[in-house]
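Spelled out from the first residue to the last, the chains are:
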Amino acid sequence: MLGSGLGLVLAVLIASAGAARAEPQGDATESVKRGAAGYRVCSSCHSLQPGVHLSGPSLAGLWGQKAGSLEGYGRYTKALKAADVVWDADGLNAWLADPQALVPGTTMTLRGIADDQARADLIAFLRMAMAEGGVETVVKAGLIAERTAAGQIPPNLSTLGADFRISAIRHCRDAYYIAMESGTELPIWETNVRIKVDTSRRGPKKGAPVLMRSGMAGDRVSVVFSSLSELKETLVESCGPRSGAETR
Ligand code: HEC
């Protein structure tokens, strides 16, 4: 009797100590505001819109949920799925301090937020943002912009015009020769070309792979196909002048 009573007291003490660690210091409103500013780094990989999964899963409605439990996100690591962690103040505090330490092998590459106050501020914001319907609350309150809430969604490639569309592409020696629908053929060093597939609704249209420029100097490009089979059919090894383009 006495033993279990003491156990209960200890459990309560430990629980409240845990909560205190993640509790923001000072004015709660200021804390949430600072947390909202800090959330910007998260938005490069996460959306707060329900069901919108970027590189990381949507964070909508995850407050109080078990780690790795969203049905619609197929890229969880086994480690995160198996982790005995709940996304409340304590769980998030440990996760954001050092994701790799809490869940060894996780693919969330964030280095961790060492500053206790910065973590507490961020968690104060996440408590609102990750609640059911949280995205509306935080956008209406002016805490973050709608586009930050949406996350950094890649550009919509399905609506790009002929200037971006590729008619043929061949590889020869150390370069890709990319024939555009507009008629020009661009020779680009192979190391500067990223070959990608985007199967989402915002990906390129079937049969219309696109060329996107990136990198500071604009000398890097991404070639994006609508499917892997299209990529396999389109890429050929050929040193004949414009051979790919002429077959079209
Ligand atoms: C570079 C991309 C990236 C950044 C930046 C990032 N995350 Fe993540 N996050 C991920 C990935 C990927 C996963 C899934 C990890 C896994 O399955 O192991 C994840 C998982 C999570 C989860 C668990 C979700 C679930 O369904 O269990 C939470 C919570 C989370 N991140 C919060 C944050 C917060 C808050 C920030 C900002 C401080 C942040 N993340 C920054 C990529 C990122």
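Here, every reference points to the structure presented above.
1. Some remarks on unusual backbone geometry
No. 1: Its identity is not glycine, yet Arg 173 carries a phi of approximately 50°, on the positive side.
No. 2: If you trace the backbone, Arg 173 turns up in the loop between strand S1 (166–172) and strand S2 (175–180).
No. 3: Exposure remark for Arg 173: the relative accessible area of 68% places this residue in the exposed category.

2. What to know about the sheet that holds strand S6 (residues 220–225)
No. 1: Strand order in this open sheet of 3 strands is S4-S6-S5, and the pairing throughout is mixed. Strand pairing shows two members of the sheet lacking a second neighbour, strand S4 (193–197) and strand S5 (210–214), which therefore form its edges. Shown here is a sheet whose adjacent strand axes are inclined to one another by a mean of 25°, direction ignored.
No. 2: Alignment of S5 against S6, held across 5 bridges, turns out to be antiparallel. Looking across to S6, one finds that Leu 211 is bridged to Val 223.

3. Here's the deal with the coordination of the iron atom of the ligand
No. 1: The iron atom of the ligand binds to the protein through His 46 (NE2) and Met 108 (SD); the donor distances cover 2.0 to 2.1 Å.
No. 2: Classification of the site at the iron atom of the ligand rests on its 6 donor atoms, whose angles at the metal span 85 to 178°, yielding the label octahedral. Here His 46 is found in the loop between helix H2 (28–38) and helix H3 (78–82), whereas its partner Met 108 is found in the loop between helix H5 (99–102) and helix H6 (116–129), with 62 residues between them in sequence.
No. 3: A relative accessible area of 10% means that His 46 is categorised as buried.

4. Comments concerning the pairing of S1
No. 1: S1 sits mainly inside the fold: 7 of its 7 residues count as buried.
No. 2: Sheet topology places S1 next to S2; 6 bridges connect them, and they run antiparallel. Each residue of the ladder has a partner; that of Ile 169, found in S2, is Ile 178.
No. 3: What sits between S1 and S2 in their antiparallel hairpin is a turn of 2 residues, with Arg 173 showing a positive phi close to 50°.

5. A few points about the pattern of salt bridges
No. 1: Within the structure shown, the criterion is met by 6 salt bridges.
No. 2: A salt bridge links Lys 33 to Glu 30; the shortest N-O distance between them is 3.6 Å. Of this pair, Lys 33 and Glu 30 both sit in helix H2, 3 residues apart, roughly one helical turn.
No. 3: The class for Lys 33 is partly exposed, based on a relative accessible area of 47%.
No. 4: Taking the shortest distance from any N to any O, the salt bridge between Asp 121 and Arg 34 comes out at 2.7 Å. Taken together, the residues span a long stretch of sequence, with Asp 121 in helix H6 and Arg 34 in helix H2 at a distance of 87 residues.
No. 5: A relative accessible area of 5% means that Asp 121 is categorised as buried.

6. A few points about the pairing of S2
No. 1: Within S2, 5 of the 6 residues are buried, which leaves it mostly tucked inside the rest of the structure.
No. 2: Hairpin geometry of S2 and strand S3 (residues 185–189) is characterised by an intervening segment of 4 residues between the two adjacent antiparallel strands and by a positive phi of about 110° at Gly 183.

7. A short note on the sheet that holds S3
No. 1: Overall, mixed pairing links the 4 strands, which are arranged S3-S2-S1-S7 in an open sheet. Across the chains shown, the open sheet's two edge strands, defined by having one partner strand only, are S3 and strand S7 (235–237). The average angle at which neighbouring strand axes cross in this sheet is 25°, direction not considered.

8. Re the side chain of Arg 170
No. 1: The topology assignment puts Arg 170 in strand S1.
No. 2: Residue class for Arg 170 comes out buried when judged on its relative accessible area of 6%.
No. 3: A distance of 3.4 Å separates polar atoms of two side chains, one belonging to Arg 170 and the other to Glu 185.
No. 4: For Arg 170, the side chain forms a polar contact with the main-chain oxygen of Ser 238, separated by 2.9 Å.

9. Points about the site of the ligand
No. 1: Residues in contact with the ligand amount to 27 residues; listed here are only the nearest, Cys 42, Cys 45, His 46, Tyr 76 and Met 108.
No. 2: With respect to the ligand, the side chain of His 46 contributes an N or O atom lying 2.8 Å from a nitrogen atom.
No. 3: Residue Thr 77 places a side-chain N or O atom 2.6 Å away from an oxygen atom belonging to the ligand.
No. 4: In this structure, the ligand is accommodated by the second largest pocket.

Reading the values: rules and limits
Residues numbered from 1 in each chain as written. Predicted model: local features only at pLDDT ≥ 70, side-chain atom pairs only at ≥ 80, totals over all residues. Heavy atoms only, no water. Helix = DSSP H or I, 4+ residues; strand = E, 2+ residues; numbered from the N terminus. Buried < 20%, exposed > 50% of the residue type's maximum accessible area, 1.4 Å probe, protein only. Pairing = 2+ DSSP bridges. Axes fitted to C-alpha atoms, helices over the stretch in contact; angles between N-to-C directions. Donors = N, O, S within 2.8 Å, 3.2 Å for Na, K, Ca; no water. Tetrahedral: all angles 85-135°; square planar, octahedral: opposite > 155°, others 65-115°. Salt bridge = Lys/Arg side-chain N within 4 Å of Asp/Glu carboxyl O. Polar contact = N/O pair within 3.5 Å; in protein donor to acceptor, adjacent residues only side chain to side chain. Near = heavy atom within 4 Å. 1 Å grid on protein atoms, 1.4 Å probe; cavity = no way out; pocket = protein on both sides within 12 Å on 5 of 7 lines; lining within 4 Å. Sits in = over half its atoms within 2 Å of the grid points.

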